[in-house]
Amino acid sequence: MGLFQKIKNMFSSSDKKEENNEVEVVQKEQEEIGNETEVSKKETLKIENKRKEKKEKKEKKKDNVEIYEKGLTKSRQGFVSRLANLTNKYHSITEEYFEELEEILIMADIGVNTVMDFMDRLRERVKAEHITDPSMLKEIIVDELFIIYVNDEVLSNRIHYNENGPTIILFIGVNGVGKTTTIGKIAYQLKKEGKKILLVGADTFRAGAVDQLKEWSEKVEVGFFGKEKSDPASVVYDGIMQAKEDNYDVVLVDTAGRLQNKVNLMKELEKINKVIDSLVDGGASETLLVMDATTGQNGISQAKAFQEITNITGIVLTKLDGTAKGGIVLAIKESVGIPVKYIGLGEAKEDLQVFDIEKYIYGLFKDMM
Ligand SMILES: Nc1nc2c(ncn2[C@@H]2O[C@H](COP(=O)(O)OP(=O)(O)OP(=O)(O)O)[C@@H](O)[C@H]2O)c(=O)[nH]1
Ligand SMILES: [Mg+2]
């Protein structure tokens, strides 16, 4: 079974049918139980509990897929609907078909090199499998896009935690990409997991930035440390000292991203990292680069520039709800080679998801499935 089918089975409404059937069976059985003995009642209860367990497991898998569906609406109406139209337009696979497909994928921000590789693989498969009908290709297209992302690697979207002290997570990225908002959202999630969170406002460059982070800390009810107009590294120092004193589990550090001055930014990040290294065994656990999905290929160039000045461990891709070009996730993987760990799908505290390639693909292609 291809990936297309697998994902479809995982999330689509056929599951609901199955669930309804199960409910019906249980109801029927319950009616029958009325006439049965105590012993068989117990047996039925056991079966019922097993069913419940199975259902809960399934629901967990489907958990949050609706948020992906909603957040990727624009992309679905954009490039994915163009893809579906293409399949309807052509009755056979011709050179024009390939050219049009290539154009749609490039317009979707997937990245030129990725698209070229993808087209080569697709042409080969069409030839080898003697495919002539474009409607058969849509499954293969989804399969191959997934393969590009996974590419035989074990992708880790997990956040690393420091076992011997507070876990420090640094957030970097240019102005306005959504660093502060992302920190608020992640704090909200981690707090729900039972962790004690401290937000540290080390973006002392822009007026009001520290206050904005403080507001988030109040909104999601977590700790806060920050000082306006101070040296960022010294704020980080004081923040971590407080985290150690008050036994915080995770420290989320907001920084100022002035990429226009690369040398200064590099020096500042080096200084911050030195402070962290001196206070916490193993240093920062994660350095997450926050990227705005609506900036497309520009965002990719920014990511490469940041990669030159510091060690990035993961990417947070924000504002995926605001773009019709959701293909950027694939381009990041191809051209930057860093896993996307979280995606932002809106402005509210709930609108952040740990990145899951299967949910993402379902959210994008569900209308084609
Ligand atoms: N639609 C949408 N908007 C978002 C998302 N993430 C952030 N935003 C919005 O983007 C704007 C900028 O977000 P900030 O968190 O202030 O960005 P920043 O990187 O901290 O910006 P500076 O502090 O100026 O460097 C705000 O209006 C956010 O509400 C998202 O996932 N979706
Ligand atoms: Mg900010």
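Here's what I pulled together on the structure shown here.

**Overview of the overall build of the protein**
Right, so step 1: Counting secondary structure elements, the protein contains 15 helices and eight strands.
Right, so step 2: Within the protein, the fraction of its 369 residues that count as buried is 38%.
Right, so step 3: Across the protein, every contact between residues at least 6 apart in sequence was considered, and the portion connecting residues at least 24 apart equals 78%.

**Notes on the site of ligand 1**
Right, so step 1: Every one of the 21 residues lining ligand 1 counts as a neighbour, but Gly 178, Lys 179, Thr 180, Thr 181 and Gly 344 are closest to it.
Right, so step 2: Considered class by class, the residues forming the shell around ligand 1 number three nonpolar, 11 polar and seven charged.

**Notes on the sheet that holds strand β1 (residues 167–172)**
Right, so step 1: Strand order in the open sheet made by the eight strands is β3-β2-β4-β1-β5-β6-β7-β8, with mixed pairing throughout. Edge positions in the open sheet fall to β3 (223–226) and β8 (352–354), since each of these has one partner strand only. For this sheet, the mean angle separating the axes of adjacent strands, direction not counted, is 20 degrees.
Right, so step 2: Note that β1 and strand β5 (residues 286–292) share four bridges and pair parallel. In the strand pairing of β5, Ile 169 is matched with Glu 286.
Right, so step 3: Most of the contacts of helix α9 (residues 179–192) go to strand β4 (residues 250–254), to which it runs at about 170 degrees, and overall it touches β1, β2 (197–201), β4, β5, β6 (314–318), β7 (340–344) and β8.

**Things to note about helix α6 (residues 95–107)**
Right, so step 1: A rise of 1.5 Å per residue sets the reference length of α6, with its 13 residues, at 18 Å; its end C-alpha atoms lie 19 Å apart and thus fit the reference within 8%.
Right, so step 2: A positive backbone phi angle near 70 degrees is found at Asp 109, which sits one or two residues after α6.

**Digging into helix α11 (residues 232–245)**
Right, so step 1: Its 14 residues place the ends of α11 20 Å apart at the C-alpha level, agreeing with the 20 Å of an ideal helix rising 1.5 Å per residue.
Right, so step 2: The set of residues buried in α11 consists of Pro 232, Val 235, Val 236, Gly 239, Ile 240 and Ala 243. One side of α11 carries all its buried residues, which in axial view fall inside an arc of 130 degrees. Looking at α11, the residues exposed on the side facing more than 90 degrees away from the buried face are Met 241 and Glu 245.
Right, so step 3: Tucked into the core, α11 has its buried residues touching β1, β2, β3, β4 and α12 (262–279).
Right, so step 4: One or two residues past the end of α11 sits Asn 247, with phi positive at roughly 60 degrees.

Each value, and the rule that gives it
Residues numbered from 1 in each chain as written. Chains lettered and ligands numbered in written order. Predicted model: local features only at pLDDT ≥ 70, side-chain atom pairs only at ≥ 80, totals over all residues. Helix = DSSP H or I, 4+ residues; strand = E, 2+ residues; numbered from the N terminus. Buried ≥ 20, exposed ≤ 12 C-beta atoms within 10 Å, placed from the backbone. Contact = placed C-beta atoms within 7 Å. Near = placed C-beta within 6 Å. Nonpolar A, V, L, I, M, F, W, Y, C, P; charged D, E, K, R; others polar. Pairing = 2+ DSSP bridges. Axes fitted to C-alpha atoms, helices over the stretch in contact; angles between N-to-C directions. Expected span 1.5 Å × (residues − 1). Arc of directions from axis to C-beta.

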